[in-house]
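Single-letter residue listing:
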Amino acid sequence: MEATWPDSMVQTCVVHLIRAANRWVAYGDRKAVSAGLKKIYTAPTEQTALAALTEFEASELGEKYPQSVKVWRDAWDRFIPFLEFPPMARKVIYTTNSIESMNNELRKATRNRVQFTNDESAIKTLWLMICNIEDKRAAKRAKQGKWVAATSGRLIEGRRVTNWKQAINQMSVAYPDRFEPYL
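Note that this is a predicted model, so its numbers are computed, not measured.

Thresholds applied
- Residues numbered from 1 in each chain as written.
- Predicted model: local features only at pLDDT ≥ 70, side-chain atom pairs only at ≥ 80, totals over all residues.
- Heavy atoms only, no water.
- Helix = DSSP H or I, 4+ residues; strand = E, 2+ residues; numbered from the N terminus.
- Contact = heavy atoms within 4.5 Å.
- Areas by Shrake-Rupley, 256 points an atom, 1.4 Å probe, with all protein chains shown as cover.
- Axes fitted to C-alpha atoms, helices over the stretch in contact; angles between N-to-C directions.
- Parallel < 35°, antiparallel > 145°, perpendicular 65-115°, else oblique.
- Nonpolar A, V, L, I, M, F, W, Y, C, P; charged D, E, K, R; others polar.
- Core = buried A, V, L, I, M, F, W, Y, C linked by side-chain atoms within 4.5 Å.
- Buried < 20%, exposed > 50% of the residue type's maximum accessible area, 1.4 Å probe, protein only.
- Left-handed = near helix turned anticlockwise from the far one by under 90°.

### What about the overall build of the protein?
Scanning the protein from N- to C-terminus turns up 11 helices and 2 strands. Order of helices (α) and strands (β) in the protein, N terminus to C terminus: α-α-α-α-α-α-α-α-α-β-β-α-α. A fraction of 57% describes how many contacts in the protein between residues 6 or more apart in sequence connect residues 24 or more apart. When the accessible surface of the protein is split by element, carbon and sulfur atoms take 55% of a total near 12,800 Å².

### Brief notes about the packing of helix H2 (residues 30-41) against helix H3 (residues 46-58)
Two measures define how a pair of helices packs: the angle their axes make with one another and the distance between the axes. Contact geometry of H2 with H3 gives a least axis separation of 7 Å together with a crossing angle of 155 degrees. One way to sum up the angle between H2 and H3 is to call them roughly antiparallel. Residue-level inspection shows Val-33, Gly-36, Leu-37, Lys-39 and Ile-40 of H2 in contact with H3, the latter providing Ala-49, Ala-52, Leu-53, Glu-55 and Phe-56. For the contact of H2 with H3, the class distribution of residues is 7 nonpolar, 1 polar and 2 charged.

### Description of the nonpolar core
Ranked by size, the top nonpolar core spans 26 residues in total, and within it Val-33, Leu-37, Ile-40, Tyr-41, Trp-72, Trp-76 and Phe-79 carry the most contacts. Looking at which element gives the most residues to this core, the answer is helix H1 (residues 14-22), with 5 residues. Residue contacts for Ile-40: discarding those within four places in its chain leaves Ala-49, Ala-52, Leu-53, Trp-72, Trp-76, Phe-79 and Leu-83. By size, the runner-up hydrophobic cluster in this structure holds 7 residues, among which are Val-92, Met-171, Tyr-175 and Phe-179.

### What to know about the environment of Pro-66
Take Pro-66: it is sitting in helix H5 (residues 66-74). Accessibility expressed as a relative area gives 53% for Pro-66, which makes it exposed. Once the C-alpha coordinates of Pro-66 and Trp-24 are considered, the two residues, 42 residues apart in sequence, prove to be 9.2 Å apart.

### Digging into the packing of H1 against H5
Two elements in contact, H1 and H5, have axes separated by 8 Å at closest approach and are oriented at 150 degrees. Between H1 and H5, the angle is such that the two are roughly antiparallel. The interaxial crossing formed by H1 with H5 has right-handed handedness. Along its contact with H1, which presents Leu-17, Ile-18, Ala-20 and Ala-21, the element H5 presents Ser-68, Val-71 and Trp-72.

Below, the structure is given as structure tokens:
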């Protein structure tokens, strides 16, 4: 990532950190441990987050599950870029699950295609695959009775992320040089 896009900010997925921290936690303590960890990733600043981690480490649960604290300490340098984002943006970017899922679907779809005639054909193929994946996901949610809107004969997903407009507003103020060409 950083080699290809030197201006990019790389962060660890908060959901994966929580899961990794809970890996060694007894099932009955997972809610309490997760609640203690929530103080870390919802902290307004890096200093507050570090204080919350130190507080958790000194707590009864932190002493009972030192491996959970170690997970956060080991990933700290990759976690703190997350804290630089405004609150609404954090709600949108705290997990990479949807990105990983999409990448997995695209890999499955392109696995049998050994080569593309040119870059344009690869882009078109990927675009059509994305549309197909999004339609499948939207149809699945519609079947489950969750909200789906139909526009121009297509099912549209993407409605799951709440507060997206507030996140875009905050990010465009925080990173005007990156957003200005697209607004």
